Every structure is written in C-alpha cells, then in structure tokens.
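Chain and residue survey
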Amino acid sequence: VQLQASGGGLVQAGGSLRLSCAASGRTFSRYAMGWFRQAPGKVREFVAAIGRTGGSTYYPDSVQGRFTISRDNAKGTVDLQMNSLKPEDTAVYYCAGRRRYLPIATRIDQYSYWGQGTLVTVSS
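Scope of this entry: the structure provided in the associated data block. (Residues numbered from 1 in each chain as written. Predicted model: local features only at pLDDT ≥ 70, side-chain atom pairs only at ≥ 80, totals over all residues. Heavy atoms only, no water.)

Our next topic: the nonpolar core. In terms of nonpolar packing, the biggest core is built from 28 residues, with Trp35, Leu80, Met82 and Tyr93 touching the most fellow members. Looking at which element gives the most residues to this core, the answer is strand β3 (residues 17–23), with four residues. With residues up to four places along the chain from it excluded, the contact list for Tyr93 reads Leu19, Trp35, Phe36, Arg37, Val47, Phe67, Leu80, Met82, Gly117, Thr118 and Val120. Ranked by size, the runner-up nonpolar core spans six residues in total, among them Phe36, Phe46, Ala105 and Tyr111. (Core = buried A, V, L, I, M, F, W, Y, C linked by side-chain atoms within 4.5 Å. Buried < 20%, exposed > 50% of the residue type's maximum accessible area, 1.4 Å probe, protein only. Helix = DSSP H or I, 4+ residues; strand = E, 2+ residues; numbered from the N terminus. Contact = heavy atoms within 4.5 Å.)

Structure, rendered in structure tokens:
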C-alpha cells in the first residue's frame, strides 16, 4: 500500500485544518489506518486511528474532542479533521496503515505502511 498525505499548512491558533491521505490499490477497506505526528526534536506520537469499516475510532487525550478521523473506502482515503488547533499541534503529520485485516491500533510499531508526511504549523 502506498500512502500520500496532503492538506498541511499554516493556521492560526483556534483554527481548523483537514488532512487527507490517499491510498493506492483497490483493497483499502482491508486496512486499519492511523495518523501520527512528529514535532521538532520529539518522538513520533499517535494522533488517531480508525478501523477497517470506520465503525471504530480511537484518540489520545491530547486531541480527543478536537480531532476527527474518517475514511471513505470507495475513494481509498482517510481524513483527519483538526479543530481548535493549538501551537503544540505543530508537527509533521503522517498517515499510516496496518497489514491487511488487523484491528485498530495505536502504537507506531503496529503500522507497516507510511505516507511521506505533511507539515502543520499552528501560530499563536
């Protein structure tokens, strides 16, 4: 699976941004997906995950209630809607996919496929 993330940019604190990740192939519905981020000088961290059908999602406390992950299996895309953005949300955001038929997950080492990353900068 090849993943291509887009939608990053510069936004003021309190604003919104929507990231999108497009997957190659025709079997997108077989893969649980996630978003991670890496701020300068910090380790990559989990942001959101979604199951294969979109029926299950999971977020860490840091973004719960502000970020929403969704997917369109017909289009082969997974989106991350980010609202009420804070300067600490500044990071490179990566979409990721698990191997086929595995359930939703939150650890970096549970994902096998990674997009190239898209930069989100939140100004104060």
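Attention now moves to the pattern of salt bridges. For the structure on display, the rule yields five salt bridges. Two residues, Asp79 and Arg18, come together in a salt bridge whose shortest N-O distance is 3.2 Å. Taken together, the residues Asp79 in strand β8 (residues 77–82) and Arg18 in strand β3 connect sequence positions 61 residues apart. On the accessibility criterion, Asp79 (15% relative accessible area) is buried. (Salt bridge = Lys/Arg side-chain N within 4 Å of Asp/Glu carboxyl O.)

This part is about the pairing of strand β7 (residues 67–72). Within a regular strand, side chains alternate between the sheet's two faces. Burial along β7 is one-sided: Phe67, Ile69 and Arg71 are buried, and none of Thr68, Ser70 and Asp72, which face the opposite way, are. By the bridge criterion, six bridges tie β7 to β8 in an arrangement that is antiparallel. In the strand pairing of β8, Ser70 is matched with Asp79. Counting the residues between successive antiparallel strands, the hairpin from β7 to β8 contains four residues, one of them, Gly76, with a positive phi of roughly 70°. (Pairing = 2+ DSSP bridges.)

In this section: the environment of Arg66. If you trace the backbone, Arg66 turns up in the loop between β6 (57–58) and β7. For Arg66 and Ser6, which are 60 residues apart along the polypeptide, the C-alpha to C-alpha distance reads 19 Å. Not counting the four nearest positions on each side in its chain, Arg66 is found in contact with Gln81, Met82, Asn83, Ser84, Leu85, Lys86 and Asp89. There is a polar contact of 3.0 Å between the side chain of Arg66 and the backbone oxygen of Ser84. (Polar contact = N/O pair within 3.5 Å; in protein donor to acceptor, adjacent residues only side chain to side chain.)

Here Ala74 lies in the loop between β7 and β8. Here Ala74 falls in the exposed class, since its relative accessible area comes to 79%. Sequence-wise, Ala74 and Thr27 are 47 residues apart; in three dimensions their C-alpha atoms are separated by 9.4 Å.

Per the counting criterion, the structure on display carries six aromatic pairs. Aromatic pair Tyr31 and Tyr113: ring centres 6.0 Å apart, planes at 90°, arrangement edge-to-face. Within this pair, whereas Tyr31 is found in the loop between β3 and β4 (33–38), its partner Tyr113 is found in strand β10 (residues 113–114), the two being separated by 82 residues in sequence. In this structure Tyr31 comes out as buried when scored by relative accessible area, which is 8%. When the centroid spacing of 5.1 Å and the interplanar angle of 55° are considered together, the rings of Phe36 and Trp114 count as tilted. Here the residue Phe36 occupies a position in strand β4, and Trp114 occupies one in strand β10, the gap between them amounting to 78 residues. The lysine or arginine in question, Arg44, covers the ring of Trp114, its NZ or CZ lying 5.0 Å from the ring centre. One cation-aromatic arrangement involves Arg71 over Phe28; the distance from NZ or CZ to the ring centre is 4.4 Å. (Phe/Tyr/Trp six-rings, centres within 6.5 Å; stacked < 30°, edge-to-face > 60°. Lys NZ or Arg CZ within 6 Å of the ring centre and 35° of its normal.)

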